[in-house]
Structure formats: C-alpha cells, structure tokens
Amino acid sequence: MPTFEPTVIERPSAANRGVKVLKSPHLRAYFDGGCCGGLGSGGFVVYGQDNEQLGGGSMYYGKLSNTNNEVEMSALLDLLTWVDTHSDELPATKTLHVIGDSELMINFMNRAARPSKPSLMRKVVEATTIRHRLGMRVIFSHVLRAGNQVADWLARQAAIAKATRSMDKLGVATTPGGSAPVPLEEEADFQGVNRTCL
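Residues numbered from 1 in each chain as written. Predicted model: local features only at pLDDT ≥ 70, side-chain atom pairs only at ≥ 80, totals over all residues. Heavy atoms only, no water.

**Brief notes about the overall build of the protein**
If you tally the helices and strands in the protein, you get four helices and five strands. Each helix (α) and strand (β) of the protein, taken in turn from the N terminus, gives the series β-β-β-α-β-α-α-β-α. A total accessible area of about 9,800 Å² is found for the protein, and carbon and sulfur atoms account for 50% of it. (Helix = DSSP H or I, 4+ residues; strand = E, 2+ residues; numbered from the N terminus. Areas by Shrake-Rupley, 256 points an atom, 1.4 Å probe, with all protein chains shown as cover.)

Following this line, the structure appears as structure tokens:
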C-alpha cells in the first residue's frame, strides 16, 4: 500500500451534493479511485462535524491492478487507514459516514455483494478489519459521481501529476496554493495525459 500524507483542500460550494448527511455529530468522508490502461489513482477527503476539512489524500498507485474496482477499494482502504491512524487527533464521534460513487464497493462493505476476484476479496477483508478496529459505527452510502467531486478531483490530480511529472512526492498531490479544485478544462499542462481516462 502506498504511503501518503494528509493534505488540506477547500471544499467547493457545490461539491458532494446528492447524499443525505447524518444530522448527529459524525465524521463524513468521501473516496474515489480510477484506473486507465492499468494505471490507477485514488483520492479521499474527511470532514468534521461542522464541514471542517480534517484531511485528505491523493494517491498514485501505478500498476496496482488492471481493474477500476481494485483501485476504488484501494482508495477506500487508504481512507479507512487514515482515519484509523489519526483517530487520536480527530474530534470525538461515534459515527463515520463513508460516501463513494462506486456502488459495487459500497455494496461490498454493506455485505450486499461479494467479490469474486481473490485480490479484491483480500482488500474487502482488510477494509472490514479496519472498520471494526475503529471502534465507531461506520455507515457506507452510495452517491452519484456529481456528488463526489472533491474525492474525484483528488484522484485525477494524482494521475495528472504523474503524467506531467509534476508530483513533488509520490503518493501526494495538493491543490495549487490550497485553492479549491478547478474544472478539468481549466487545469494547466496536460502533455501526455489521456483526457478520456480522467
């Protein structure tokens, strides 16, 4: 599993709509992963009770696998690992609400589906182990891609940074100057990036 550092980004005002957010005090986290030509990247962001951004990550996995499902599950594993690692620093809460645009990954974690591929099953088992170790209620919800903009943007940033060789530290990409994500069409320097994969 790649290493990553937390990064703080600003949440766009229209981002992450489309899912009912729990009313009780909780942490809310979004994850996303993508794979193109066997090269994968992922991203996640964690919000506190008052929509305060607590952390996030943008990971480049490289030839981790040749399936989008494995990359999505790797991003989910990185999210759960980050929450587990930083649990002492996070606000006290009894609930973590995990939201993703991969309905299959959400179904795996809610036990509504079972992976047939052994490597994917190992990741589901690992994610379930971390889930239980957290000592809090963990709820998994599906949202359409439009409701997962920040995590999607972070996943794309790792792929773009690697393709343009601008990633300062493998496994970490941050927003420029801490600013909010910009639409793909406005991002600079796409030499070597297959835009259909982003």
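**Observations concerning the sheet that holds strand β2 (residues 39–47)**
Reading across from one edge, β3-β2-β1-β4-β5 is the order of the five strands in this open sheet, with mixed pairing throughout. Two strands lie at the open edges of the sheet, namely β3 (53–62) and β5 (137–142), each paired on one side alone. The average angle at which neighbouring strand axes cross in this sheet is 15 degrees, direction not considered. Against the sheet, helix α1 (residues 68–85) engages β1 (27–36), β2, β3, β4 (95–100) and β5, with an angle of about 150 degrees to β1. (Pairing = 2+ DSSP bridges. Axes fitted to C-alpha atoms, helices over the stretch in contact; angles between N-to-C directions. Contact = heavy atoms within 4.5 Å.)

**Some remarks on the environment of Ala92**
Relative to the assigned elements, Ala92 resides in the loop between α1 and β4. By relative accessible area, which is 73% here, Ala92 ends up exposed. Considered as a pair, Ala92 and His26 are 66 residues apart in the sequence and their alpha carbons are 8.4 Å apart. (Buried < 20%, exposed > 50% of the residue type's maximum accessible area, 1.4 Å probe, protein only.)

**What about the confidence of the model for the protein?**
In the predicted model, the protein carries a mean pLDDT of 75, and 68% of its residues have values of at least 70. Predicted confidence for residues 1–19 stays below pLDDT 50, and this span has 64 contacts to residues more than four positions away or in other chains. Taken together, the stretch residues 167–198 has pLDDT below 50 and engages in 61 contacts with residues farther than four places along the chain or on a different chain. (pLDDT = per-residue confidence, 0-100.)

**Topic: the environment of Leu27**
If you trace the backbone, Leu27 turns up in strand β1. Measuring from C-alpha to C-alpha, the distance between Leu27 and Val46 comes to 7.0 Å, with 19 residues separating the pair along the chain. Among all residues touching Leu27, those that are not within four sequence positions of it are Tyr47, Gly48, Leu54, Leu90, Pro91, Thr93, Thr95, Leu96 and His97.

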